[in-house]
Structure formats: C-alpha cells, structure tokens
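Given next are the chains, with one letter for each unit.
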Amino acid sequence: LPALQGSTRVGDNTGSTNTGLIGLSALNLRGLSALRTLVLMDSECVVPANFNGVVDVSQMPQLLIQRVDVVTGGASASWGSDAISGVVNFVTDKKFEGFKMNAQAGLSTYGDAGNMLFQAAAGTSFAGGRGHFEVATEYSYNDVLLPRYPVETQHTAQPNIGGRTIAVGVQPDRLNASLTALSDA
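Just so you know, these numbers come straight off a predicted model, no measurement behind them.

Focus on the side chain of T37
Working step 1: Structurally, T37 is set in strand 1 (residues 37-41).
Working step 2: Here T37 falls in the buried class, since its relative accessible area comes to 8%.
Working step 3: Looking at T37, its side chain comes within polar contact range of the main-chain nitrogen of L29, at 3.1 Å.
Working step 4: Apart from the residues within four sequence positions on either side, T37 is in contact with L27, N28, L29, D82, S85, G86 and V88.

A look at the sheet that holds strand 3 (residues 65-71)
Working step 1: Strand order in this open sheet of 4 strands is 2-1-4-3, and the pairing throughout is mixed. Lying at the two open borders of the sheet, with one neighbouring strand each, are strand 2 (44-45) and strand 3.
Working step 2: Direction of pairing for strand 1 relative to strand 4 (residues 86-92): parallel, over a ladder of 5 bridges. Looking at the pairing, L38 lines up with V87 of strand 4.

Comments concerning a nonpolar patch on the surface
Working step 1: Taken together, the side chains of F99, M101, M116, F118, Y139 and Y141 make up a nonpolar region of the molecular surface, amounting to roughly 640 Å² of accessible area.
Working step 2: Of all the secondary-structure elements, those providing two or more residues to the nonpolar patch are strand 5 (98-106), strand 6 (115-126) and strand 7 (131-142).
Working step 3: With respect to the element layout, M101 can be found in strand 5.

Here's the deal with the sheet that holds strand 7
Working step 1: In space, the 3 strands of this open sheet follow the order 5-6-7, with antiparallel pairing throughout. Both edges of this open sheet fall to strand 5 and strand 7, since each of them pairs with a single strand only. Taking each pair of neighbouring strands and ignoring which way they run, the sheet shows an average axis angle of 0°.
Working step 2: In this structure, strand 6 lies alongside strand 7, joined through 12 bridges in antiparallel fashion. By the bridge assignment for strand 7, F126 is matched with G131.

Quick notes on the pattern of salt bridges
Working step 1: In this structure the tally under the stated criterion is 2 salt bridges.
Working step 2: The salt bridge involving D42 is made with K94; its shortest N-O contact spans 3.4 Å. Of this pair, D42 sits in the loop between strand 1 and strand 2 while K94 sits in the loop between strand 4 and strand 5, and the two are 52 residues apart along the sequence.
Working step 3: Of the charged contacts in the structure, one is a salt bridge between R67 and D69, with a shortest N-O distance of 3.2 Å.
Working step 4: Note on R67: relative accessible area 43%, which makes it partly exposed.

Definitions and cut-offs
- Residues numbered from 1 in each chain as written.
- Predicted model: local features only at pLDDT ≥ 70, side-chain atom pairs only at ≥ 80, totals over all residues.
- Heavy atoms only, no water.
- Helix = DSSP H or I, 4+ residues; strand = E, 2+ residues; numbered from the N terminus.
- Buried < 20%, exposed > 50% of the residue type's maximum accessible area, 1.4 Å probe, protein only.
- Polar contact = N/O pair within 3.5 Å; in protein donor to acceptor, adjacent residues only side chain to side chain.
- Contact = heavy atoms within 4.5 Å.
- Pairing = 2+ DSSP bridges.
- Patch = residues over 30% accessible without salt bridge, like charges linked within 9 Å, V, L, I, M, F, W, Y side chains within 5 Å.
- Areas by Shrake-Rupley, 256 points an atom, 1.4 Å probe, with all protein chains shown as cover.
- Salt bridge = Lys/Arg side-chain N within 4 Å of Asp/Glu carboxyl O.
- Axes fitted to C-alpha atoms, helices over the stretch in contact; angles between N-to-C directions.

Listed below in structure tokens is the structure:
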C-alpha cells in the first residue's frame, strides 16, 4: 500500500543504535513514523516490542491472518492520540480447523546466502463446538552473503571455498607487472 511508506523490515536499521527499531518489522503509515501508527490484532492493542512503543509485526501469526484493515483518515478521532497516522488491524481466523503448513528454502547460484522459512498452523474445536483451540508457529533463517576473495589476494587465513569471487583493487598479475616495471626504472 502506498500509505505504508517508510516501513521497516528486520534487516533495516542494523547500523543504528539509537532508534530502538533494530531487528523489528514496523509499519509506518503516511511517513509519520512507526511511533504514530496504532497496530491492533483483532481490534485490541498489541504489546510493543521495544521501549518506544513500536509493535513488531513479525509477531503476528501469518498463517492465521484472515485480513488486514488499514484506516488512515480520522483514525485519531476514534482511537485517540496513539493513531495519529492511522490504524492497522490484523484480523485472525478464529474458526480455523485443520492443519496447514508452508515451507520454502533457497540458495544463491554461488552456494551462499541461503534462506529458509517454515510456518505451521493448527486449529480444532472441542466440547461440542463450545471451545476452540488454535496454535501457529514460524521459523525463519537468512544466511548472510559472505564475500570471498580470490586465493591469490586473500587476506584471511580461511581458505576460499565456494562463494562469490570479489576482486578488490588491482589484480595480482597487473600488480606484479607494475612492480617489475618500477624496479627496472
């Protein structure tokens, strides 16, 4: 949605130590900051993930979300000053029965930067339909992209096993030719 301008992902803000948003997926409605966006789950406030009061939307049970309601105009009149930029309400499926699962994995062409996602949700009724139980879980892993230098210009003691070959600066054979030319002069 265009209204969610400036929202952050888990990998954003990793170089900052003063925002309090490191490692959070935060929604930012209308570019007024994540602090001004009220995040609800089933029309009830969600516990903030940090001292600023920003909600980490990665906590939401993704497989149980039925829909997401976004209100931007006049939200503070209904919900108060927490909703200056608007309200995002995650509505969950409260009658889900059965089991569903999502699994995916990936790897780059060079054999690095692997990622994995596993999600599962289950729900059942009991006591003749008078009670309902739901559970959801998620596991996500993203491996980093590790640059590897060619063996000739390697600056570490670890061997170059697979990975991307990144040559920095002058190539070794050109460097040797330049040094030879300088020593002859």
